[in-house]
There are 2 protein chains.
Amino acid sequence: MNIIVDAFGGDNAPLEVIKGCKIAEENLGTNIILTGDEEIIKKTAGENDIDISRMDIIHADGVFDIHDKPTTILKSGKNTSLAVGLKALSEGKGNAFLSAGSTGALVAGATFIVKRIKGIKRAALAPVLPTEKGRLMLIDGGANIDCTSDMLVQFAIMASAYMEKVKGIKKPRVGLINVGAEDTKGRELELEAYKLLSEAPVNFCGNLEAREMPKGNFDVAVTDGFTGNVALKLYEGMGAFIGNKMKDIFSGGIKSKLSALMVLGKIKALRKQMDYTEEGGAVLMGVSKPVIKAHGSSDAKAFYNAIRQAKACVDGGVIEAIEKSI
Amino acid sequence: MNIIVDAFGGDNAPLEVIKGCKIAEENLGTNIILTGDEEIIKKTAGENDIDISRMDIIHADGVFDIHDKPTTILKSGKNTSLAVGLKALSEGKGNAFLSAGSTGALVAGATFIVKRIKGIKRAALAPVLPTEKGRLMLIDGGANIDCTSDMLVQFAIMASAYMEKVKGIKKPRVGLINVGAEDTKGRELELEAYKLLSEAPVNFCGNLEAREMPKGNFDVAVTDGFTGNVALKLYEGMGAFIGNKMKDIFSGGIKSKLSALMVLGKIKALRKQMDYTEEGGAVLMGVSKPVIKAHGSSDAKAFYNAIRQAKACVDGGVIEAIEKSI
């Protein structure tokens, strides 16, 4: 399996990207194809004693500036490591692509360079969130701020395919994010989507109030990209908030530190459970080949996990499952 | 000061309501006017040794069923403790009203019985959320699922008045909940609201990404009632999720319990900080008299805090401040 990786995406590129790729090469047996400035990649690897002799490099001059308008990826940005990677994917040089670069450019580039799965109206970002009992795929996490009810149904089908094929969940429970449990709740969008989802080939379990999201009684949470982006960022923000509070509790004096030592195992387990990067990145669902958006602040371990996730998408046949369902 | 309280709103009515009113009477010096079935109120108080001889009771036969359509409060529901309380408020029998009953019915009833402040397009629910540094008023928390940009500007003005008059914050920092920091981000609603807020008589500090909400760098978060309701419920849900995780950490064995004992003070302080009911309930902003929506699961302390909040709205002259700004 060949995984194409944007070596210049994210805050910690290219070193952490290369490190993560090396871990993946050693542990997953995947072939890595890096895109980006060949000289810098080789220099960085050399300076840090990372053997990249078994990795391929596709040279790209530029780096996409996350402040640039996303659609510039198609013209002025076509020589960036991001665009070159997407092009390589579309040409069949690899089985999947991942980048920690600009989300907007990745969505635009994947849509127009790699193309959507036939019949899919829009690609959607699908992060996987931690819950009390496992993981929840949120879709759309921000690719489409305005959505129609048809799009929401396709999102539900795509996320269900992922949760089944990658996470091994039979009949993933799909919830529609809404302001109440009753089917009379919500905007026109939710009222229409509720009806359509009830008849769609997914295990639709009704409306999902956001307070239920962390409880783990749903496997897929469907919503428009505006609401989904707010929910995603609040999920992250609350996680960080509580992480800081925990630090406060367990630091500052001998008693606090002793206290922490006594429950260290549990603290570590919680930290791991709450760690987004454990799962990988957000999947760009609806594109004809697996594309993963890694978190901008990813470190080597996060890149490794995102590569593992990309491999799982290929191994599980997520795209094929979506093609069948649509 | 006379505070009218719906004795039959919420899961723990009427006992916890009466208890909370008693604490308020003793600690705040407020006169309490209870609405609801007089016989049951007196019986409940008597059985629990609560002296309510100084409280007034306005009899109401019925209790509004939270499953009923909100607007039925105006006709078939007009004899409920909720409707009777709102009517008493509109007739000047009290300075403020609070209920832990149906949110929808409270919004509908307050809008049509107590009426809106002149010039205000829509009443909005404004819960006060805990943050790292203090408190954040979220508006609209769910009263209007579809909003125009004009409404968002009025929400910002009203919440600013509250944070200034009740919380003593000079020039409250207003943020517009959005999917990015740049002024080009968001739906039509956010693009328009951004412009209008920049020219409005509030301290507009730009877009607010949801992950920033818990950090405490904003005092007011403005959004439509759909997004606001999702954010509010996720805030609550994540708080509960983490609360459960903390319990897991500190229970189960002698080491865990010892660990908890060592940091008990900090745990208690965190629990207090994260406790929504410490602040009271959600304020129904835009109505011509202070109306508070207490949490459905409120206990005596929560009712006491909601009464304290109602009193603070009256003392601070929140309504008058809004009238001046509109």
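On a predicted model such as this, the values are computed, not experimentally measured, just so you know.

1. Observations concerning the interface of chain B and chain A
Logical step 1: Counting residues at the interface gives 49 residues for chain B, matched by 49 residues for chain A.
Logical step 2: Interface area, chain B with chain A, both sides summed: about 4600 Å², of which 73% is carbon and sulfur.
Logical step 3: Counting the contacts that link chain B with chain A gives four salt bridges.
Logical step 4: A salt bridge links E209 of chain B to K233 of chain A, with the shortest nitrogen-to-oxygen separation between them at 2.3 Å.

2. Considerations on helix 11 (residues 318-325) of chain B
Residue and element names in this part refer to chain B.
Logical step 1: Those residues of helix 11 that fall on the buried side of the exposure criterion are V318, I319, A321 and I322. The arc enclosing the buried residues of helix 11, seen along the axis, measures out at 160°, which places them on a common side.
Logical step 2: Those residues of helix 11 that are buried lie in contact with helix 5 (149-165), strand 11 (282-285) and helix 10 (300-316).

3. Remarks on a nonpolar patch on the surface
Residue and element names in this part refer to chain A.
Logical step 1: Residues I254, L258, L261 and L264 make up a contiguous nonpolar surface patch of about 400 Å² in total accessible area.
Logical step 2: Per-element accounting of the nonpolar patch gives the leading share, three residues, to helix 8 (residues 254-262).
Logical step 3: With respect to the secondary-structure elements, L264 resides in helix 9 (residues 264-274).
Logical step 4: Taking relative accessible area as the criterion, L264 reaches 36% and is therefore assigned partly exposed.

4. Things to note about the environment of A161 of chain B
Residue and element names in this part refer to chain B.
Logical step 1: The topology assignment puts A161 in helix 5.
Logical step 2: A relative accessible area of 8% places A161 in the buried class.
Logical step 3: When the C-alpha positions of A161 and K268 are compared, they lie 31 Å apart, and in sequence the two are 107 residues distant.

5. Things to note about the relation of the copies chain B and chain A
Logical step 1: Its rotation angle being 180°, the transformation that places chain B on chain A also includes 0.0 Å of axial translation and leaves an RMSD of 0.0 Å. Taken together, the rotation and translation describe the operation of a two-fold axis. Residue S259 of chain B, judged by its C-alpha, is the member of chain B lying nearest the rotation axis, at 2.1 Å.
Logical step 2: When the interface residues of chain B are mapped onto chain A, 100% of them are again interface residues, pointing to one common binding face.

6. So, the sheet that holds strand 2 (residues 31-36) of chain B
Residue and element names in this part refer to chain B.
Logical step 1: The strand order 3-2-1-4-12-11-5 describes an open sheet built from seven strands, whose pairing is mixed. Here the strands that pair on one side only, and so sit at the sheet edges, are strand 3 (56-59) and strand 5 (124-126). Ignoring strand direction, the axes of neighbouring strands in this sheet form an average angle of 25°.
Logical step 2: In terms of strand pairing, strand 11 meets strand 12 (residues 291-293) through two bridges, oriented antiparallel. By the bridge assignment, V283 is partnered in strand 12 with I292.

7. Section: the sheet that holds strand 11 (residues 282-285) of chain A
Residue and element names in this part refer to chain A.
Logical step 1: Reading across from one edge, 3-2-1-4-12-11-5 is the order of the seven strands in this open sheet, with mixed pairing throughout. Looking along the sheet, the strands with just one partner apiece sit at the ends: strand 3 (56-59) and strand 5 (124-126). Recorded for the sheet is a direction-independent mean angle of 25° between the axes of neighbouring strands.
Logical step 2: By the bridge criterion, three bridges tie strand 4 (residues 96-99) to strand 12 (residues 291-293) in an arrangement that is parallel. Counted as the bridge partner of S99 is K293 from strand 12.
Logical step 3: Along the sheet face, helix 4 (residues 103-114) touches strand 4, strand 5, strand 11 and strand 12 and points at about 170° away from the line of strand 12.

8. Side note on the environment of A13 of chain B
Residues and elements named next belong to chain B.
Logical step 1: You can see A13 is positioned in the loop between strand 1 (2-6) and helix 1 (15-28).
Logical step 2: When its relative accessible area of 25% is taken as the criterion, A13 is described as partly exposed.
Logical step 3: A13 sits 237 residues away from F250 along the chain, and the two C-alpha atoms are 32 Å apart.
Logical step 4: Each residue touching A13, except ones within four places of it in the same chain, is listed here: A7 and F8.

9. Quick notes on the packing of helix 5 of chain B against helix 6 (residues 188-199) of chain B
Residues and elements named next belong to chain B.
Logical step 1: Direction vectors running N to C along helix 5 and helix 6 enclose 50°, while the axes themselves pass 8 Å from each other. Between helix 5 and helix 6, the angle is such that the two are oblique. Crossing of helix 5 against helix 6: the hand is right-handed. Mapping the contact onto sequence places S149, D150, L152, V153 and A156 in helix 5 and L189, E192, A193, L196 and L197 in helix 6.
Logical step 2: Its residues placed into classes, the contact of helix 5 with helix 6 shows seven nonpolar, one polar and two charged.

10. What to know about the pattern of salt bridges
All names here are of chain B.
Logical step 1: Scanning the model with the defined rule gives 34 salt bridges over all chains in all.
Logical step 2: A salt bridge links D150 to K121; its shortest N-O distance comes to 3.7 Å. Of this pair, D150 sits in helix 5 while K121 sits in the loop between helix 4 (103-114) and strand 5, placing them 29 residues apart in sequence.
Logical step 3: Given the relative accessible area of 37%, D150 is considered partly exposed.
Logical step 4: The partner of E190 in a salt bridge is R187, and the shortest N-O contact between them spans 2.7 Å.
Logical step 5: The class for E190 is buried, based on a relative accessible area of 1%.

11. Regarding the packing of aromatic side chains
Logical step 1: Within this structure, the stated rule accounts for three aromatic pairs over all chains.
Logical step 2: The interplanar angle of 80° and the centroid separation of 5.1 Å between the aromatic rings of Y194 of chain A and F204 of chain A together place this pair among those described as edge-to-face. Taken together, the residues span a long stretch of sequence, with Y194 of chain A in helix 6 (residues 188-199) and F204 of chain A in strand 9 (residues 203-208) at a distance of 10 residues.
Logical step 3: Relative to F250 of chain B, the ring of F250 of chain A has its centre 5.7 Å away and its plane inclined at 45°; by these criteria the two rings are tilted. With F250 of chain A in the loop between helix 7 (225-249) and helix 8 and F250 of chain B in the loop between helix 7 (225-249) and helix 8 (254-262), this residue pair bridges two chains.
Logical step 4: Lying over the aromatic face of F226 of chain B, R187 of chain A brings its terminal NZ or CZ to 3.6 Å of the ring centre.

12. Thoughts on the side chain of D140 of chain A
Residues and elements named next belong to chain A.
Logical step 1: Checked against the element boundaries, D140 lands in the loop between strand 7 (135-139) and helix 5 (149-165).
Logical step 2: Although D140 is buried, it makes no salt bridge; R122 carries the closest opposite charge, 7.2 Å away.
Logical step 3: Excluding residues within four positions of it along the chain, D140 makes contact with A124, L125, F155, T223, D224, G225, G228 and N229.

How each quantity is defined
Residues numbered from 1 in each chain as written. Chains lettered and ligands numbered in written order. Predicted model: local features only at pLDDT ≥ 70, side-chain atom pairs only at ≥ 80, totals over all residues. Heavy atoms only, no water. Contact = heavy atoms within 4.5 Å. Buried area = accessible area lost by both parts, 1.4 Å probe. Salt bridge = Lys/Arg side-chain N within 4 Å of Asp/Glu carboxyl O. Buried < 20%, exposed > 50% of the residue type's maximum accessible area, 1.4 Å probe, protein only. Helix = DSSP H or I, 4+ residues; strand = E, 2+ residues; numbered from the N terminus. Arc of directions from axis to C-beta. Patch = residues over 30% accessible without salt bridge, like charges linked within 9 Å, V, L, I, M, F, W, Y side chains within 5 Å. Areas by Shrake-Rupley, 256 points an atom, 1.4 Å probe, with all protein chains shown as cover. Least-squares fit on C-alpha atoms with pLDDT ≥ 70 in both. Pairing = 2+ DSSP bridges. Axes fitted to C-alpha atoms, helices over the stretch in contact; angles between N-to-C directions. Parallel < 35°, antiparallel > 145°, perpendicular 65-115°, else oblique. Left-handed = near helix turned anticlockwise from the far one by under 90°. Nonpolar A, V, L, I, M, F, W, Y, C, P; charged D, E, K, R; others polar. Phe/Tyr/Trp six-rings, centres within 6.5 Å; stacked < 30°, edge-to-face > 60°. Lys NZ or Arg CZ within 6 Å of the ring centre and 35° of its normal. Lys, Arg positive; Asp, Glu negative; His and termini not counted.

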